[in-house]
Amino acid sequence: MASSGMAEAAGTVITGLLAGGHEAYFVGGCLRDELLGRPVHDMDITTSALPEEVMALFPRCVPTGLAHGTVTVLQNGYSFEVTTYRTESGYADHRRPEHVFFVSDVKEDLLRRDFTINAMCSGLNGALIDPFGGERDLQLRRIRCVGQAEERFGEDALRMLRCVRFASVLDFAIAKNTWRGLMRQRDKLAHIAVERVRAEVERIVEGPHPQRGLALLLRSGLLPRGKAPFPWTGSDLAAAAARTAGLGNLHDARLRWALLLHALGSSAAAADDLLRAWTFPGATRSSVVAVLRVREAWDAALSSVAPDAPGATEGLRRRWIAAVLAHGQSAAEGWLTLLAAAEDAAAGPVPAPDLAQGSAGAATAPPALGPAATVPPALGPATAVPPVLSPAAGQQPVYATVQARLLRSWTAAMPLRSLAELAVTGNELAELLQKRPGPWLGVLLNKLLLAAAAGGIANDKQLLLQEAQRMDKDEE
């Protein structure tokens, strides 16, 4: 539903167009979401008025795309895209029309749109203009192209990903003829810019039904046909889908991507390269990769310790603390959250989405997340920290939960978590040791930080300086 302020401002724009002797309607996604009872974030308007006529009627306008008939009207703090009725032709690049013709019949304008649920309009009186059965498709929970699906997807190949995205986000089925047209035109995704593809895939993965969207992407074979690198086979994707049962329960987008890349077997370095090639923002890429680096650090720690080795618990505790210091508490907590997602994956079957019926389908029991071997039978010190169980058959959920609890207790007990909190500075160390600052200084500071964070030494300046002298002599 639209906010009252937005709806009132949009109504003022339509009233102004009507007063100027033109037709004007709410159109597209705002109407679709209103009928579904979903939040409406923006309201588009279609009109018989030409762009220059729109600009003459409203004092505050932005000529957003005059060649395509679009003017952004600013009204009461809101912005509304007002577009002239138009038809399009000549999609040479399978994305943008070469020719745009302004028309006087709103039904001609609706005919150019992608899906029936987006090809409806309504005036201020609420009367629905729906020449292609969009309201009926909403009731049937179905995504269906306007006209011939092959033509719609051939005009704009991005519509194929939009089709999957709408089916995923709305948990709708895809009409058989629409799916058939998608499969026939899927090679044309190679014409679409990586940024556009990434934006659609982001909305699928970060939406309310990510597994449904991923299953549809798998069955469509779209992503391997795009410009961005896609190093996985269909069987890789099928296996990953079985390992990501908890994906939709993760509220942090970076954790969804981290879990997905983990399930696909990506190393942190490979994930970094892939996210860069897919044009993900640097902040998103860095935070996702940091979570995977924590995973790698912890996996390396587990594989390096024999289950019955003396000091195994303390060694693992120090390795975990080192990972928290190296990659940040946020990344470490992210990995622990993914361990909880493993519990969801091991707890029950995952429905495989079906084209014709929303989320229903066959079930597959996913394997557990994380290493299943080389885990010491008791990682907790004697101070009432619960042991980490070796993940024997049927114990994966318990293993993940108890391990996460233990690691969180180790993190919580850290008296400091960054160099900024260390009671001694680099300049003080250089002065004490009579050395010119260089790479050695960062190494020494991090050794002191680990010692203090692990509780081996108090975070006291004099004690740290003494420890620095000892460490420096040991290096000679």
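Our structure is the block above this text.
Cut-offs and rules
Residues numbered from 1 in each chain as written. Predicted model: local features only at pLDDT ≥ 70, side-chain atom pairs only at ≥ 80, totals over all residues. Heavy atoms only, no water. Helix = DSSP H or I, 4+ residues; strand = E, 2+ residues; numbered from the N terminus. Expected span 1.5 Å × (residues − 1). Buried < 20%, exposed > 50% of the residue type's maximum accessible area, 1.4 Å probe, protein only. Pairing = 2+ DSSP bridges. Contact = heavy atoms within 4.5 Å. Axes fitted to C-alpha atoms, helices over the stretch in contact; angles between N-to-C directions. Core = buried A, V, L, I, M, F, W, Y, C linked by side-chain atoms within 4.5 Å. Parallel < 35°, antiparallel > 145°, perpendicular 65-115°, else oblique. Nonpolar A, V, L, I, M, F, W, Y, C, P; charged D, E, K, R; others polar. Salt bridge = Lys/Arg side-chain N within 4 Å of Asp/Glu carboxyl O.

Caption draft 1: Summary view of helix α14 (residues 282–304). Along its 23 residues, α14 runs 32 Å from first to last C-alpha, staying within 8% of the 33 Å computed at 1.5 Å per residue. Taken as a whole, α14 has its buried residues at Arg285, Val288, Val289, Ala290, Val291, Leu292, Val294, Arg295, Trp298, Ala301 and Leu302.

Caption draft 2: Here's a closer look at the sheet that holds strand β4 (residues 70–75). One open sheet accounts for 7 strands, arranged β3-β4-β5-β2-β1-β8-β9; its pairing is mixed. Both outer strands of the open sheet, β3 (61–65) and β9 (128–129), are each paired with one neighbouring strand and no more. One ladder, built from 2 bridges, connects strand β1 (residues 24–27) with strand β8 (residues 121–122); its direction is antiparallel. Looking at the pairing, valine 27 lines up with cysteine 121 of β8. The strands touched by helix α1 (residues 4–19) are β1, β2 (44–47), β4 and β5 (78–84); relative to β5, the strand with the most contacts, the crossing angle is about 35°. Packing against the sheet, helix α2 (residues 29–36) makes contact with β1, β2, β8 and β9, and its axis sits at approximately 60° to β1.

Caption draft 3: Here's a closer look at the side chain of arginine 295. Tracing the sequence through the fold places arginine 295 in helix α14. Judged by relative accessible area, which is 7%, arginine 295 ranks as buried. Residues contacting arginine 295, with those up to four places away along its chain left out, are His262, Ser266, Ser267, Ala268 and Trp335.

Caption draft 4: Local environment of helix α12 (residues 253–263). Of all 11 residues that make up α12, 10 are buried, and the element is covered over most of its length. Glycine 265 sits one or two positions beyond α12 and adopts a positive phi of about 80°.

Caption draft 5: Highlighting the nonpolar core. Among the nonpolar cores identified, the biggest contains 101 residues, and Ile143, Trp278, Trp298, Trp320, Leu422, Leu429 and Leu448 are the most heavily contacted of them. With 9 residues, α14 is the single largest residue contributor to this core.

Caption draft 6: Focus on the packing of helix α8 (residues 176–185) against helix α10 (residues 210–220). At a closest axis distance of 10 Å, the pairing of α8 and α10 adopts a crossing angle of 55°. Judged by the angle between their axes, α8 and α10 are oblique. Across the interface between the two elements, Trp179, Leu182 and Met183 from α8 touch Leu216, Arg219 and Ser220 from α10. The residue inventory of the contact of α8 with α10, partitioned by class, reads 4 nonpolar, 1 polar and 1 charged.

Caption draft 7: Inspection of the pattern of salt bridges at higher detail. All told, the structure shown has 27 salt bridges when counted by the stated rule. Arginine 142 serves as the salt-bridge partner of aspartate 137, at 2.5 Å between the closest nitrogen and oxygen. By relative accessible area, aspartate 137 is classed as buried at 0%. In this structure arginine 142 comes out as partly exposed when scored by relative accessible area, which is 26%. The salt bridge partner of lysine 435 is aspartate 472, with a shortest N-O separation of 2.6 Å. Separated by 37 residues along the polypeptide, lysine 435 in the loop between α18 (426–433) and α19 (439–453) and aspartate 472 in helix α20 (residues 461–475) bring together distant segments of the chain. Overall, the relative accessible area of 11% leaves aspartate 472 in the buried class. Connected through salt bridges with shared partners, the residues Arg86, Glu88, Asp109, Arg112 and Arg113 form a single ionic network.

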